[in-house]
Amino acid sequence: MADWVEYFSRHTPPRNLKEVRASVSEFAGKHRAAGREIVFVTSGGTRVPLEENAVRFLDNFSMGTRGSASAEYFLDQGYAVIFLHRQGSLRPFTRHFPTEDVLDLLQLKDMPDGSTHVQVNASKVPKLTQVLKSYRQVQAAATLLFIEYISLSEYLFLLRSVAETLAPHGPAVMMYLAAAVSDFYIPPQDLPKHKIQSNAPLQLNLVQSPKMMAPLVKEWIPQAFTVSFKLETDMNIISKKARQALAKYSHQVVVSNILQTRKKTVVMITPTQETAIWMSDSELEAGREIEEKIVADLKKMHQHFITSAVMQGNTT
Ligand code: PAZ
């Protein structure tokens, strides 16, 4: 049995899987009928429990900056966006206003009649107006669908379900897999039932998570334009690892990034090209984001991919 088949057979699917399938199917059908391309963005990091009644977890640094920013740029580019994100991580639009700063958006004003009004802080009005306008347009067109996960198993079940549901839309779908997915987990049968006691040093026995890229590309959604991300902290291995991933799974693009410099530079690797995208200091100071360039490049590649698929009669 393939390791991913075994993984799914040993884990319990999320309770909302059926509803997610139904909403993805309806969302995709409606937007394809309106001529929009679909992008499925995964964002944030997965969590792995260390106990059955879990008190402790293995977590991931990702806050979903890449995914949430990219989702906004895809919306700007006319895509309908399905946004699978870690609960509590950054989301498109609200990401501009971190919750810890939310009270700074507001100010109190004493009125002549003795009452006090709450107003938007004048310095925040331009940004708020700009974001709110975009958000309202997206709401009106209903081009953004949110799906949440927390654990590795929820993420993997949802990934498979969404991929299978989108498969009938073929090359019009882009899979943009920016989430940071745990490479290790403890199988359910090996999880201690109760909270691990702290009266002895802790040794963890983690097994490797199944690699889902192979079934995703070969079985679940073979005709889509698939973009994976490769993160490393060692400059010396990143290029080789990204190339290996592309060769192994035969998908369309690997976006490689280094943890420390990921907001300034990435390399887009395709079977025929290796292109660096980078942001100058002045672009970053002006508040521009690298995701704008990543998404613009991918849109061009995706259009080309769709055209080739049409010419080969490979459409649905
Ligand atoms: O969420 P974030 O913006 O802080 O980080 C984004 C990222 C580094 C998780 C993403 O660009 C990425 O590389 N995802 C794949 C990670 C991996 O190789 O598992």
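It should be noted that the structure appears before, not after, this text.
These figures come from a predicted structure and were not determined experimentally. Along each chain, residue indices are assigned from 1 in the same order as the chain's sequence is written. Where local features are concerned, this predicted model is filtered to residues with pLDDT of at least 70; where side-chain atom pairs are given and counted, the filter is 80 or more; whole-chain, interface and lining totals use all residues. The side-chain quantities take in all heavy atoms of the structure and omit both hydrogens and water.

Considerations on the side chain of Arg66
Line of reasoning, step 1. Tracing the sequence through the fold places Arg66 in helix H3 (residues 65-76).
Line of reasoning, step 2. Residue classification places Arg66 among the buried positions, given a relative accessible area of 11%.
Line of reasoning, step 3. Whenever a nitrogen or oxygen atom comes within 3.5 Å of another N or O atom, the pair is scored as a polar contact, on the condition that within protein one atom can donate a hydrogen and the other can accept it, and that pairs from neighbouring residues in sequence are kept only if both atoms are in side chains. A distance of 2.7 Å separates polar atoms of two side chains, one belonging to Arg66 and the other to Asn257.
Line of reasoning, step 4. There is a polar contact of 3.0 Å between the side chain of Arg66 and the backbone oxygen of Arg262. Counting from the N terminus, the helices are DSSP H or I runs at least four residues long and the strands are E runs at least two residues long. Exposure categories follow from relative accessible area, calculated using a 1.4 Å probe and restricted to protein chains: below 20% of the type maximum is buried, above 50% is exposed, and the middle band is partly exposed.

A closer look at the packing of aromatic side chains
Line of reasoning, step 1. The criterion for an aromatic pair is that two Phe, Tyr or Trp rings (for Trp, the six-membered ring) have centres within 6.5 Å, with stacked assigned to planes under 30 degrees apart, edge-to-face to planes over 60 apart and tilted to the rest. Applying the stated rule across the entire model yields 13 aromatic pairs.
Line of reasoning, step 2. Ring geometry for Phe93 and Tyr135: centres 5.4 Å apart, planes at 55°, overall tilted. With Phe93 in the loop between strand S4 (80-86) and strand S5 (106-110) and Tyr135 in helix H4 (residues 125-141), this residue pair connects regions lying 42 residues apart in the sequence.
Line of reasoning, step 3. Judged by its relative accessible area of 7%, Phe93 is buried.
Line of reasoning, step 4. Taken together, the aromatic side chains of Trp4, Tyr7, Phe8, Phe157, Tyr185 and Trp220 make up a single cluster linked through ring pairs.
Line of reasoning, step 5. The positively charged end of Arg47 is found above the aromatic ring belonging to Phe57, 3.4 Å away from the centroid.
Line of reasoning, step 6. Should the NZ of a Lys or the CZ of an Arg lie within 6 Å of a ring centre and within 35 degrees of the ring normal, that charge is described as sitting over the ring. Note that Arg91 overlies the ring of Phe146, its terminal NZ or CZ placed 3.8 Å from the centroid.

Section: the site of the ligand
Line of reasoning, step 1. The environment of the ligand is made up of 14 residues, and the closest members are Ser62, Gly64, Arg66, Asn257 and Arg262.
Line of reasoning, step 2. Contact between the ligand and Thr65: an oxygen atom at 3.3 Å from a main-chain N or O atom of the residue.
Line of reasoning, step 3. Separating an oxygen atom of the ligand from a backbone N or O atom of Leu231 is a distance of 3.0 Å.
Line of reasoning, step 4. Put simply, the ligand lies in the largest pocket.
Line of reasoning, step 5. Where the shell around the ligand is concerned, the elements lending two or more residues are H3 and strand S11 (225-232). Note on definitions. A residue lies near a molecule or strand when any single heavy atom of the residue is within 4 Å of it. Buriedness for pockets is judged along seven lines, at least five of which must meet protein on both sides within 12 Å for an open set on the 1 Å grid over protein atoms alone, while cavities are sets there where a 1.4 Å probe fits but cannot get out, and lining residues have an atom within 4 Å of a point. Any molecule with more than half of its atoms within 2 Å of a cavity's or pocket's grid points is regarded as sitting in that cavity or pocket.

Concerning the nonpolar core
Line of reasoning, step 1. If you look at the biggest cluster of nonpolar residues, it comprises 44 residues, and the most contacted ones within it are Ile82, Leu166, Met175 and Leu216.
Line of reasoning, step 2. A per-element tally of this core places helix H5 (residues 152-166) first, with 9 residues.
Line of reasoning, step 3. Contacts are residue-level and defined by heavy atoms, with any inter-residue pair within 4.5 Å sufficient. When near neighbours in sequence (up to four residues on either side) are disregarded, Ile82 contacts Val24, Phe27, Ile38, Val39, Phe40, Val41, Leu145, Ile147 and Leu166.
Line of reasoning, step 4. In plain words, nonpolar cores are sets of buried Ala, Val, Leu, Ile, Met, Phe, Trp, Tyr and Cys residues tied together by side-chain atoms within 4.5 Å. Formed by 32 residues, the second largest nonpolar core is a distinct cluster that contains Ala69, Ala71, Val81 and Val253.

Some details on a nonpolar patch on the surface
Line of reasoning, step 1. Grouping into patches uses exposed residues only, defined as over 30% relative accessible area, and leaves out salt-bridged ones; the cut-off is 9 Å for like charges and 5 Å for nonpolar side chains (Val, Leu, Ile, Met, Phe, Trp, Tyr). Computed with a 1.4 Å probe, the accessible areas rest on the Shrake-Rupley method; for each residue, only the protein chains presented here act as cover. Here, a salt bridge means any Lys or Arg side-chain nitrogen found within 4 Å of an Asp or Glu carboxyl oxygen. A cluster of nonpolar residues, Val102, Leu103, Leu106, Leu108, Val118, Val120 and Val125, forms a patch on the protein surface that exposes about 630 Å² of accessible area.
Line of reasoning, step 2. Listed by contribution, the elements that provide at least two residues to the nonpolar patch are S5 and strand S6 (116-120).
Line of reasoning, step 3. One can find Val120 in strand S6.

Some details on the pairing of strand S14 (residues 274-278)
Both faces of the sheet carry side chains from a regular strand, because those side chains alternate between them.
Line of reasoning, step 1. A strand pair is defined by DSSP finding two or more bridges across the two strands. Pairing between strand S13 (residues 265-269) and S14: 5 bridges, direction antiparallel. Within S14, the position partnered with Ile269 by the bridge is Glu274.
Line of reasoning, step 2. Where S13 folds back onto S14 in an antiparallel hairpin, the turn is made up of 4 residues.

Examining the layout of surface pockets
Line of reasoning, step 1. Grid points are joined across faces, edges and corners, and a volume is the space filled by probe spheres set on the points. Considering only enclosed or pocket space, the largest pocket measures out at about 1400 Å³ in volume.
Line of reasoning, step 2. As for the largest pocket, its lining consists of 47 residues, of which Ala179, Val181, Asp183, Phe229 and Lys230 are closest to the centre.
Line of reasoning, step 3. If you list the elements that add at least two residues to the lining of the largest pocket, you get H3, H5, S11 and helix H7 (235-249).
Line of reasoning, step 4. Amino acids are sorted into nonpolar (Ala, Val, Leu, Ile, Met, Phe, Trp, Tyr, Cys and Pro), charged (Asp, Glu, Lys and Arg) and polar (every other residue, Gly among them). When the residues that make up the lining of the largest pocket are grouped by side-chain class, the tally is 22 nonpolar, 14 polar and 11 charged.
Line of reasoning, step 5. The calculated volume of the second largest pocket comes to roughly 550 Å³.
Line of reasoning, step 6. His11, Thr12, Pro49, Ser151 and Ser153 are the residues nearest the centre of the second largest pocket, which is lined by 23 residues in total.
Line of reasoning, step 7. Counting residues per element, the lining of the second largest pocket draws most heavily on H5, which supplies 3 residues.
Line of reasoning, step 8. Its residues placed into classes, the lining of the second largest pocket shows 13 nonpolar, 4 polar and 6 charged.

Re the sheet that holds S11
Line of reasoning, step 1. In spatial order, the strands read S7-S4-S1-S8-S11-S12-S13-S14; together these 8 strands make up an open sheet with mixed pairing. Two strands in the sheet have a free side with no partner beyond their single neighbour: strand S7 (144-149) and S14. In this sheet, adjacent strand axes meet at a mean angle of 15° when their direction is disregarded.
Line of reasoning, step 2. Examined bridge by bridge, strand S1 (residues 38-43) and strand S8 (residues 173-177) share 5 bridges and lie parallel to one another. Paired with Ile38 across the bridge in S8 is Val173. All axes here are fitted lines through C-alpha atoms, helices being fitted over the stretch that makes contact, and every angle between N-to-C directions spans 0 to 180 degrees.

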